[in-house]
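What follows is each chain in one-letter form.
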Amino acid sequence: MAWRDGKASGKRLLLFMASIILGIAAVVSIQSFSENLKENIAAQSKELMGADYIIDSNQLPTEKVQKIIDSLGSSGREVSFASMAAFPKNSATKLVQIRGIDGEFPLYGEIETVPATAANEYRSKNGALVDATLMLQYKLKVGDSVKVGELTFPIIGSVVSSPGSNAISTTVAPPVILPFSFIENTGLLQTGSRYKYNYYFKTKTGFDVEALDKAIDPILDAENADFDSHMSVSQRLGRRYENFAKFLNLVAFIALLLGCVGIASSVHIYIKEKLRGIAVLKCMGATRRQTFLIYLIQIAGLGLLGGIVGTLLGIGLQQTFPLLLQEFLPFSVEITTTFQPMAMGLLLGIFMSVLFALLPLLSTWYVSPLEVLRVQEGSSIELKRAGVFVLMGIMAFIYFFSLWLLKDARYAMAFVFGILVTFSILAGVSILFMKAIKKYFPTSWGFTARTSLLNLFRPNNQTMVLILAIGVGSFLISTLYFTKDILLAKATLEANANNPNIILLDVQTNQREEVAQTITPKGLPIIDNIPIITMRMHSIKGVPVNDLRLDTTLTIRKWILNHEFRVTYRDSMVASETLASGEFKREVPENGAIPISLSDNVARDAQVVLGDTIVFNVQGVLMETTVGSIRKVDWGRMQVNFSVVFPKGVLEDAPQFHVITTKAPDSKTSAQLQRELVTKFPNVSVIDLRQVLTLIQGILDKISWVINFMAFFSILTGIIVLIGSVRTSKYQRVKESVLLRTLGAKSNQILKITALEYLYLGVLGSGIGILLSLISAQLLAWLVFESPFVPSWIPFGVLLPGITILVLLIGLANSRSVLNSPPLEVLRKETR
């Protein structure tokens, strides 16, 4: 019976199957790619680092650290820092990452260059390797030169890839690799320079790197150094892409849920039409179990078929992921087929089809044989009670599946709560809409207008099902648009005369006046002249930092204990800061500890509050301070922000360097200024914020494109659900339309009735969905992104009319067979 009935309803059930195929494909492809990503990160972690482990420090190693390095037998070393480089060929300048390398680095992998021999020859030839993209950008070739600080080097080759770099970091500051022995002579390693020393090590097979980490890491931490293994690189990379993977998994899961909404709506309409036939079967002696199993077998079989097709589509789809995401990955991903996602796709196809079809399927269990003779409105108490248990099972599945994807109970609960609220509001609006029309029915309207409204609350209507399908699809699509707007808004620079677009870093105290005199004659303002002093925490609330590092029960974040803070002093707060608590002190008081201002994240991670004491080591001098105020800092603003701010009158004589900012009216003025500054002051790094913003915009555009590509599956699934729900309702409307034609209704009247009905559903469903997404986007901007939110017009101007027109066209297409055929022919066809 299941096979025979399924063959007779083949076309209608195909839409049911299409609802789940794309959802399964999205889940399988993303899960497969995530597994491949983990395997590739684990396999390539040594090549990414270039060693088994490294010891790094932001200063020359102390005597104790040097003894550890010597005892372990370092095979290679590197000093790296950001600096300006000049290209005499075309008088161009660029912020680059200088990497001075000595020894056998890399110990794993290789520096890929053009020509290939350049990686081995640049040290013997006292030359430089320059990033390949940078050479193309400035039209450089092998044999040209690059000036770094006080020295000029011949370009021996271009760097295609090297351990320790990735696509995004090299876009911001492309690498320039030099022989280690020349770095000191460049004159760039000065006070305040942000440089880092790395010492690379290779171990024998079976060596326990984790045991070594536990043994020497506390000693290195006390000496302002750190131990890093290739396994920690693997873990960091895994965490870096974990949130992105969670987002993709969530998009896939939403696509799957939309497919399940399609399943529920399609089966709901499908089963309602079968109830009279089921009642006939029961009159002939069929049991509840038999009639229930007929349709359960149909749904399970279609779920299995949809799972197979979706899994195959997902396996093919994951092959495109490396092409989409390669710019965000520091290595190439080798795609392999894994068993777990395939098995999950097949099982999900069956399980979710049955689970979400179970609620309408239960009506076959409780249908009465008397329905052969009469139409029964409402549901029995037993059916309602069983429906509650099914809904509880559906919500439990959604929670546990989202918990498995997100690995966080709070996020999973929030996701389930969001879905529950969205569906509840859409269902509540549809119920209120039907009751309002019924209560305030416009009896004075014409026949077609009244009939179109009657169809919305007549027995066996699909108002709620269609509003849910339309509303959820609209909600998802418009939320994606709103979220993208929030992300892009965070990267915009306000067009304000006080906002600098050029930042000069590492300006030494004796250079400050001369740098200013280079800028002001060009008619450019000095917006900021900020002094910066480097220091570390010596003790927190009277407990030395060295003792805190050894405390195994410590809840203070470790970075606080090891971080070299770059602080400033001033008598007021800036535009990107708001006072969270305390009082911002302008000057140091005559008596007592020095009152400082901490950013809220530092206060939280150091677990200090107003009045707590912190002793700083200011380059060998201990300075006792007390927390006088806590500031909330908008780190997304394109300006210089600080975690720690001192009042005036205490740090003026400390060794310091400066950050100077200005504003250039155009790119030509900016380029001329940068060339002159690099020529006069090679140690000064210049950041052109317009280039940075262009880069950020480009990265956000790429991320947005990836997000929209993945959301395509949810959107397409939503459209298929919409088509399936509206299309399936055709088979119930045909008989009613034919009866109207038999009673004398004209074709244009039936067309108007249908058009008005679907117009109401389209406007209401998409309108409520967009309004809900507007609220959710506002909450995201407020709670997650902490950013102002300006809604996009696209969901209102494009999505609302677009979905409404789509619903209208599908509804009108449903009426075509009725309008083109004689009533008697259609009635006989329905009978057959």
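As a reminder, the structure under discussion sits directly above these lines.
Everything numeric here is computed off the predicted structure, so don't read it as measured data.

A.B. asks: Tell me what's going on with the overall build of the chain, and back it up with residues and numbers.
C.D. replies: Counting secondary structure elements, the chain contains 26 helices and 21 strands. Residues counted as buried form 50% of the 832 residues belonging to the chain. On the chain, roughly 38,800 Å² of surface is accessible, and the fraction owed to carbon and sulfur atoms is 60%.

A.B. asks: Please provide a residue-by-residue account of the nonpolar core, values included.
C.D. replies: Counting 43 residues, the largest nonpolar core has Leu348, Phe356, Leu361 and Ile398 as the members making the most contacts within it. Those elements that provide at least two residues to this core are helix H2 (10-49), helix H8 (230-283), helix H9 (288-317), helix H11 (339-366), helix H12 (381-406) and helix H13 (409-439). Residues within four places of Ile398 in sequence aside, it is in contact with Phe253, Leu257, Phe356, Phe415, Val416 and Ile419. Ile68, Phe81, Val96 and Val148 belong to the second largest nonpolar core, which has 37 residues in total.

A.B. asks: I'd love a proper account of H13, names of residues and values included.
C.D. replies: With 31 residues, H13 ought to run about 45 Å at 1.5 Å a step, and its terminal C-alpha atoms sit 44 Å apart, in line with that. Buried within H13 we find Ala412, Phe415, Val416, Ile419, Thr422, Leu426, Ala427, Ser430, Met434 and Ile437.

A.B. asks: So, the packing of helix H16 (residues 512-519) against helix H20 (residues 667-680): which residues are in play, and what are the values?
C.D. replies: In the contact formed by H16 and H20, the axes pass within 10 Å of each other and the chain directions differ by 150°. In this view, H16 runs roughly antiparallel relative to H20, as classed from their interaxial angle. As H16 runs across H20, the sense of the crossing is right-handed. For the pair H16 and H20, contact is made by Val515, Thr518 and Ile519 and by Leu673, Glu676, Leu677 and Lys680, respectively. Broken down by class, the residue content of the contact of H16 with H20 amounts to four nonpolar, one polar and two charged.

A.B. asks: Describe the pairing of strand S16 (residues 594-599), listing the residues and the values that go with them.
C.D. replies: For a regular strand, the rule is simple: side chains alternate between the two faces of the sheet. Across the six residues that make up S16, a large majority, six, are buried. Across the two faces of S16 the burial is the same, with Ile594, Ile596 and Leu598 and Pro595, Ser597 and Ser599 all buried. The sheet contact formed by S16 and strand S18 (residues 621-633) spans six bridges and is parallel. Residue Leu598 lies in a different strand from S18, and its bridge partner there is Ile630.

A.B. asks: Report on unusual backbone geometry, specifying residues and quantitative values.
C.D. replies: In this structure, Pro106 follows Phe105 across a cis peptide bond, with omega equal to 0°. Structurally, the position occupied by Pro106 is in the loop between strand S3 (92-103) and strand S4 (112-114). That bond from Val114 to Pro115 is cis: its omega, 0°, falls within 30 degrees of zero. Along the chain, Pro115 turns up in the loop between S4 and helix H4 (118-121). For Lys139, which is not glycine, the phi dihedral falls at a positive 55°. Of the residues examined, Lys139 reaches a relative accessible area of 67% and is grouped as exposed. Residue Asp506 is not a glycine yet carries a positive backbone phi of 65°. By the element assignment, Asp506 lies in strand S11 (residues 502-508).

A.B. asks: Any chance you could break down the pattern of salt bridges for me, citing the residues and the numbers?
C.D. replies: Applying the stated rule across the entire model yields 13 salt bridges. In this structure, the salt-bridge partner of Asp144 is Lys141, at a minimum N-O distance of 3.9 Å. With a closest N to O distance of 3.2 Å, Lys680 and Glu676 form a salt bridge. Taken together, the positions of Lys680 and Glu676, both in helix H20 and four residues apart, correspond to about one turn of that helix. Looking at Lys680, the relative accessible area reads 43%, which means it is partly exposed. Through salt bridges with shared partners, a single network forms among Lys89, Lys141 and Asp144.

Thresholds, definitions, all that
Once a new chain begins, its residue numbering starts again from 1 and follows that chain's sequence as written. Only residues with pLDDT of at least 70 get local features here, since the model is predicted, and only at 80 or more are side-chain atom pairs given and counted; chain-wide, interface and lining totals rely on the full set of residues. Hydrogens and waters are ignored; side-chain quantities use all the structure's heavy atoms. Runs of H or I in DSSP of at least four residues are treated as helices and runs of E of at least two as strands, each being numbered from the N terminus. Each residue's exposure class comes from its accessible area (1.4 Å probe, protein chains only) as a fraction of the maximum for that residue type: buried when under 20%, exposed when over 50%, partly exposed otherwise. Residue burial considers only the protein chains on display, and all accessible areas are found by Shrake-Rupley using a 1.4 Å probe. Among the buried residues, those of types Ala, Val, Leu, Ile, Met, Phe, Trp, Tyr and Cys that are joined through side-chain atoms within 4.5 Å form a nonpolar core. Whether two residues are in contact is decided by their heavy atoms, any of which lying within 4.5 Å being enough. A helix is expected to reach a length of 1.5 Å times the quantity of its residues less one. Whenever a helix is involved, its axis is fitted only over the stretch in contact; in every case the axis is a line through C-alpha atoms, and angles between N-to-C directions fall within 0 to 180 degrees. Working rule for angles: under 35 degrees goes down as roughly parallel, over 145 as roughly antiparallel, 65 to 115 as roughly perpendicular, anything else as oblique. For any helix crossing, the convention is left-handed if the near helix is rotated counterclockwise from the far helix by under a right angle, and right-handed if that rotation is clockwise. Put simply, Ala, Val, Leu, Ile, Met, Phe, Trp, Tyr, Cys and Pro go in the nonpolar bin, Asp, Glu, Lys and Arg in the charged bin, and everything else, Gly too, in the polar bin. One requirement defines pairing of two strands: DSSP has to find at least two bridges between them. A pair is scored as a salt bridge if a Lys or Arg side-chain nitrogen falls within 4 Å of a carboxyl oxygen belonging to Asp or Glu.

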